[in-house]
Amino acid sequence: MKSRRAAWLLFTVEVLALGAWAVHVDRADPPAVVSGEWSGDVRFGFGEAERRRMFQELVRGEPDERQKVESQSESAIWNRNRDSWFHQREHSRLDGVAATLSLASWQAYLILDEGFKKHWPPPPGVTVYADDAPLARTARPLAARRVIVSAP
Amino acid sequence: MSDDPRDSWWVRALECTPLRLTIFVALVAAALSPIFAQPRNGGATLDWQFFELFDEVARKTLLQYHQLPIWNPYFCGGITQVGNPQTSYLVPTFPLVLWFGTTFGERLSDIPVLVIGCEGGYRLIRHLGLRPPAALVGATTFALFGRTFAWMHDGQHGLAGVSLTGWIFYGYLRGLERPKYLALGGAFFAWLISYRGIETGPEVAFLLALWALFLCLARLRAGERNWRAVLWPAAACAAVGAFALGFAGLRMLPVLETVLVHPRIIDETRSNGLLDAFVRPYAFPGGYAFVGVTTYVLFVAAVLLPSARKRAAIALLATFVCGALVLGMHGPLSPLAYLHALPLYRSLRNPALWTVVVAFTIVIAAAYALDDLDRRLQSRRLARLVVPLLALMATAEVAVSGYRQLAGVRQFPFTRWPIPRVAGEFQQTRGNHFDLAIFPYLDLGTLSCYDETPWPASPRLAPDLPAEEYLADAGAGQVHRALWSPNRIDLDVALERPATLLVNQNWASGWRSSAGVVRSHEGLLAVDLPAGQRRVTLTMWPPLCTAGLLAMLLALGAAGWLVRRDRVRQP
């Protein structure tokens, strides 16, 4: 009976030690919180003019990517339509552009989103399209899509 | 502890539950340690991001909005969260995700699941009448089999829940004698299917039904002529299934609706050749069903040795039947073609998953072989050395190969830096499904998404609206968001004439409004409102959730009744 109690004690100590380690890791590196608020026209330390320029850099490659994915075949499996192929390319490109702009990926998406919502002008020759309906088997032609912004 | 004087000290120690659990915790924590090298980093694979998104949405809904995670507005323009077969939040380990954050908590969850899985395997094998060394093989080699670690690498979070299969079978087999254990088996089955078990649950259910069928036939063969006694294993199997559906009712009824109304998009032509069905998944660490060379040797012994073969007959037959299902679709001659005719089994895409239940039956057969050896050698001193050594070898083999699998990819897949929480007003954005996990942290819904379930989504969803709630006839009045949460949206609406209010999310059947009539407007959530000024409250609660809660209460009541009945009969 005594040895059984000692065994339960050993088990409890082991579980508590694991828990203590997890709490230590959690406290040493807590999930970060960043303010998304605007201070005047400044967000994440960038003024609006700077963010507009970043937005232009972030969407500059879209026409080329849209054109390249036109040759891809579409499939219902994994919802692999042309929007999906486009986003696969966009994902890699955005990582690269964000790195050159010293942005984290999540900041790049927030600046892109701000540009979409405020309809900031893209660079010359660029039209930014919305996706077709989510999970659509095949994507409608771009001409039939919602245009988010188009170069003046 | 074991009181057999010929047992070595460590074999006797295995019989002491807390000592055994201490060993399992140490073993699992050591084998999984490589995935904690960067605990806050996210997985970069599509799957890691996919499942992180669902858990983060559930966490956010509970902690930030104090609501049950019923609706997920952050994915595909809004889909059900409670009825999504891929979610894994209604499980006992979810508090770890709530406490430690999604990326760290998801990985921490695997430790208790695997430890409890090991314990279930041990109890099952002991219940089958095998001795502790064989039970150790049954405990560890299935819970720590190759796919457990490969799933962690790929990002198939939740599938490690299949290690709870031992408990399901323990509850079922023990429940044949004492029915209260059927509720225990059902509870663990509920855990398995709620922990993304929609992938592995049907295979385990099939194996359980097959086992029940073999038990019924064995009773007939033994000369039993009382039909109630003959059919009792089948009835008990159905009871485990009913308890599972009941305990997981809140989630399972909406999930069943999803699976039946929107069956997964699957590749019907998928098939495996003989090598892919019978060799490759088992041969290498990381393969679908690698359970270790020692265990394979013992399995072959179970096939070759008549006494072991006789005792392991059901496990061996089940190995053969489930193994044939791994072949996949080869026209009308393939067994899987017939199984796919059943409603739920139609949505199973990957026949390789059947190797998971094959691994389970291989382990049971191997345990019988080791036990047979143990009994044959019981009068010899050699047994004290050889049998425990084989059990230890089998255990060490899976743990070490699992550790090496994860340690070999220390950098990958956890290469995505932690995403900070950036609070904002919820809005839809175009998003990108190759960076899925980012968006809920930013209070954005990603319209770019992917899933095997063809969720109905509106072509009118837009990523660039000035406000997410607006009027179809913009001149009819004004709409202001008062409060927003995933399951409830409060809007102040002032209308000069009747108008349709549109919400930039998909319509679904659980949406209700405090005023006007809720409907689908080309797939968008819409409310037809009369003229006037009012607060409109939109709430989401699928009717099947109410039925599911009732099913949970019913299951709890039935379990309580069985426990009480058992106490009366066996004081």
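Conventions we followed
Residues numbered from 1 in each chain as written. Chains lettered and ligands numbered in written order. Predicted model: local features only at pLDDT ≥ 70, side-chain atom pairs only at ≥ 80, totals over all residues. Heavy atoms only, no water. Helix = DSSP H or I, 4+ residues; strand = E, 2+ residues; numbered from the N terminus. Rg over C-alpha atoms; globule rule 2.2 N^0.38 Å. Areas by Shrake-Rupley, 256 points an atom, 1.4 Å probe, with all protein chains shown as cover. Lys, Arg positive; Asp, Glu negative; His and termini not counted. Charge placed at Lys NZ, Arg CZ, Asp CG, Glu CD. Pairing = 2+ DSSP bridges. Axes fitted to C-alpha atoms, helices over the stretch in contact; angles between N-to-C directions. Patch = residues over 30% accessible without salt bridge, like charges linked within 9 Å, V, L, I, M, F, W, Y side chains within 5 Å. Salt bridge = Lys/Arg side-chain N within 4 Å of Asp/Glu carboxyl O. Parallel < 35°, antiparallel > 145°, perpendicular 65-115°, else oblique. Left-handed = near helix turned anticlockwise from the far one by under 90°. Contact = heavy atoms within 4.5 Å. Nonpolar A, V, L, I, M, F, W, Y, C, P; charged D, E, K, R; others polar. Buried < 20%, exposed > 50% of the residue type's maximum accessible area, 1.4 Å probe, protein only. Polar contact = N/O pair within 3.5 Å; in protein donor to acceptor, adjacent residues only side chain to side chain. Buried area = accessible area lost by both parts, 1.4 Å probe. Disulfide = S-S within 2.5 Å. pLDDT = per-residue confidence, 0-100. Expected span 1.5 Å × (residues − 1). Core = buried A, V, L, I, M, F, W, Y, C linked by side-chain atoms within 4.5 Å.

Chemist: When you look at the overall build of chain B in this model, what are you seeing that I'm missing?
Modeler: Secondary structure assignment for chain B yields 22 helices and 13 strands. On C-alpha atoms alone, chain B measures out to a radius of gyration of 26 Å, which is about the 25 Å that the 2.2 N^0.38 rule sets for 571 residues. Element-wise, carbon and sulfur atoms account for 64% of the exposed surface of chain B, whose accessible area totals about 21,100 Å². A distance of 11 Å separates the average location of the 50 positive side-chain charges in chain B from that of its 39 negative side-chain charges.

Chemist: Help me out: how do you make sense of the sheet that holds strand E6 (residues 469-471) of chain B in this one?
Modeler: Residues and elements named next belong to chain B. Spatial ordering of the open sheet is given by E6-E9-E12-E11, a layout of four strands whose pairing is antiparallel. Two strands lie at the open edges of the sheet, namely E6 and strand E11 (517-521), each paired on one side alone. Sheet twist, expressed as the mean angle between neighbouring strand axes with direction ignored, is 30°. Inspection of the sheet shows strand E9 (residues 499-506) paired to strand E12 (residues 524-529) by six bridges, in the antiparallel sense. In the strand pairing of E12, Ala499 is matched with Leu529.

Chemist: For this particular structure, what's the right way to read the sheet that holds strand E13 (residues 532-540) of chain B?
Modeler: Residues and elements named next belong to chain B. If you trace the four strands from one edge of the open sheet to the other, you get E7-E8-E13-E10, paired in antiparallel fashion. The open sheet terminates on both sides in strands that have one partner only, identified here as strand E7 (477-485) and strand E10 (511-513). Shown here is a sheet whose adjacent strand axes are inclined to one another by a mean of 20°, direction ignored. Strand direction decides the pairing type here: E10 and E13, joined by three bridges, are antiparallel. Each residue of the ladder has a partner; that of Arg512, found in E13, is Thr539.

Chemist: What am I meant to see in a nonpolar patch on the surface here?
Modeler: Residues and elements named next belong to chain B. Nonpolar side chains collect at one region of the surface, where Leu213, Leu217, Leu220, Trp227 and Leu231 lie side by side and expose about 490 Å² of accessible area between them. Where the nonpolar patch is concerned, the elements lending two or more residues are helix H10 (201-221) and helix H11 (227-247). Top contributing element to the nonpolar patch by residue count: H10, with three residues. By secondary structure assignment, the location of Leu220 is in helix H10.

Chemist: Would you mind showing me how to read the packing of helix H8 (residues 165-175) of chain B against H11 of chain B here?
Modeler: Two quantities define a packed helix pair, namely the angle between the axes and the distance from one axis to the other. All names here are of chain B. Where H8 meets H11, the axes come as close as 10 Å, and the angle between the chain directions of the two elements is 135°. It follows that H8 is oblique to H11 by the angle criterion. Relative to H11, H8 is oriented so that their crossing is right-handed. Along its contact with H8, which presents Ile168, Tyr172 and Gly175, the element H11 presents Trp232, Pro233, Ala236, Cys237 and Val240. A breakdown of the residues in the contact of H8 with H11 according to their chemical character gives seven nonpolar, one polar and no charged.

Chemist: Can you walk me through the environment of His87 of chain A in this structure?
Modeler: On the secondary structure map, His87 of chain A appears in helix H4 (residues 82-100). His87 of chain A gets classed as buried once you look at its relative accessible area, which sits at 0%. Those residues in contact with His87 of chain A, other than ones at most four positions away along the chain, are Asp131 of chain A together with Arg430, Gly431, Asn432, Phe434 and Ser448 of chain B. At 2.7 Å, the side chain of His87 of chain A forms a polar contact with the side chain of Asp131 of chain A.

Chemist: Would you mind going over the pairing of E11 of chain B with me for this structure?
Modeler: Sheet faces and side chains relate simply in a regular strand, where the side chains alternate between the two faces. As defined by bridge partners, E11 of chain B adjoins E12 of chain B across five bridges and the pair is classed as antiparallel. The partner of Val517 of chain B across the bridge, within E12 of chain B, is Asp528 of chain B.

Chemist: Looking at this model, I keep getting lost on the interface of chain B and chain A. Mind explaining?
Modeler: One widely used convention gives an interface's size as the accessible area the parts lose upon coming together. Taken together, the contacts link 57 residues of chain B with 53 residues of chain A. Approximately 4,700 Å² of surface area, both sides summed, lies buried where chain B meets chain A, with 66% of it carried by carbon and sulfur atoms. For chain B, the biggest contributors to the area lost against chain A are Arg40, Arg430 and Asp464 of chain B; these three give 17% of the whole. Our count for the contact surface shared by chain B and chain A stands at four salt bridges. Ionic pairing is found between Arg146 of chain A and Asp464 of chain B, a salt bridge with its closest N-O pair at 2.8 Å. Only helix H2 (17-32), helix H4 (94-100), helix H5 (102-127), strand E3 (421-422), strand E4 (427-429) and helix H21 (438-441) of chain B provide two or more residues apiece to the side of chain B that touches chain A. At seven residues, H2 of chain B tops the list of elements feeding residues into the side of chain B that touches chain A.

Chemist: How should the state of the cysteines be read in this particular structure?
Modeler: Each disulfide consists of a covalent bond between the sulfur atoms of two cysteine residues. Residues and elements named next belong to chain B. Applying the stated rule across the entire model yields one disulfide over all chains. With a sulfur-sulfur separation of 2.0 Å, Cys76 is cross-linked through a disulfide to Cys449. In this structure, the disulfide formed by Cys76 and Cys449 twists by about 120° around the S-S bond and is classed as right-handed. Residue Cys76 is found in the loop between strand E1 (71-72) and strand E2 (79-80), and its partner Cys449 is found in the loop between strand E5 (444-446) and E6; the two are separated by 373 residues along the sequence. With respect to burial, Cys76 and Cys449 carry one shared label: buried. Looking at Cys216, it has no disulfide partner, and the nearest cysteine sulfur is the one in Cys237, 8.9 Å off. Free of any disulfide, Cys545 has its nearest neighbouring cysteine sulfur in Cys76, separated by 19 Å.

Chemist: Looking at this structure, I do not really get the confidence of the model for chain B. What am I missing?
Modeler: Close inspection of predicted coordinates is inappropriate in any region flagged by low pLDDT. Residue-level pLDDT values for chain B average 92, and 97% of them are 70 or greater. Predicted complex metrics record ipTM = 0.95 and pTM = 0.94.

Chemist: Mind showing me how you'd approach the pattern of salt bridges here?
Modeler: It is possible for side chains of opposite charge to pair when their charged atoms get near one another. All names here are of chain A. Taken as a whole and judged by the stated rule, the model has 41 salt bridges over all chains. The partner of Arg66 in a salt bridge is Asp131, and the shortest N-O contact between them spans 4.0 Å. Taken together, the residues span a long stretch of sequence, with Arg66 in helix H3 (residues 62-69) and Asp131 in the loop between strand E2 (127-129) and strand E3 (147-150) at a distance of 65 residues. As far as burial versus exposure is concerned, Arg66 and Asp131 are alike and both buried.

Chemist: Would you take a moment to explain helix H17 (residues 313-326) of chain B for this structure?
Modeler: Residues three or four positions apart in an α-helix share a direction because the helix packs 3.6 residues into each turn. Residue and element names in this part refer to chain B. Relative to the 20 Å expected for 14 residues at 1.5 Å per residue, H17 spans 20 Å between its end C-alpha atoms, a close match to the ideal helical length. With 10 of 14 residues buried, H17 lies mostly within the body of the structure. Buried within H17 are the following residues: Ile314, Ala315, Leu316, Ala318, Thr319, Cys322, Gly323, Ala324, Leu325 and Val326.

Chemist: Mind showing me how you'd approach the side chain of Asp443 of chain B here?
Modeler: All names here are of chain B. Residue position: Asp443 is located in the loop between H21 and E5. At a separation of 3.4 Å, a polar atom in the side chain of Asp443 contacts the side chain of Arg421. Excluding its chain neighbours within four sequence positions, the residues that come into contact with Asp443 are Lys60, Gln64, Tyr65, Tyr74, Arg421, Val422, Ala423, Gly424, Glu425, Phe426 and Gln427.

Chemist: Would you take a moment to explain the nonpolar core for this structure?
Modeler: The nonpolar side chains of a soluble globular protein tend to be buried with one another. Counting residues in each nonpolar core, the largest one holds 176 residues, and the members touching the most others are Leu32, Phe75, Tyr172, Phe189 and Trp354 of chain B. The dominant element in this core, judged by the number of residues it contributes, is helix H19 (residues 354-376) of chain B, at 15 residues. Residues in contact with Trp354 of chain B, not counting those within four places in the same chain, are Pro202, Glu203, Phe206, Cys322, Leu325, Val326, Leu336, Leu339, Tyr345 and Leu348 of chain B. One finds Met54, Phe55 and Leu112 of chain A together with Ile438 of chain B within the second-largest nonpolar core, a separate group that totals 31 residues.

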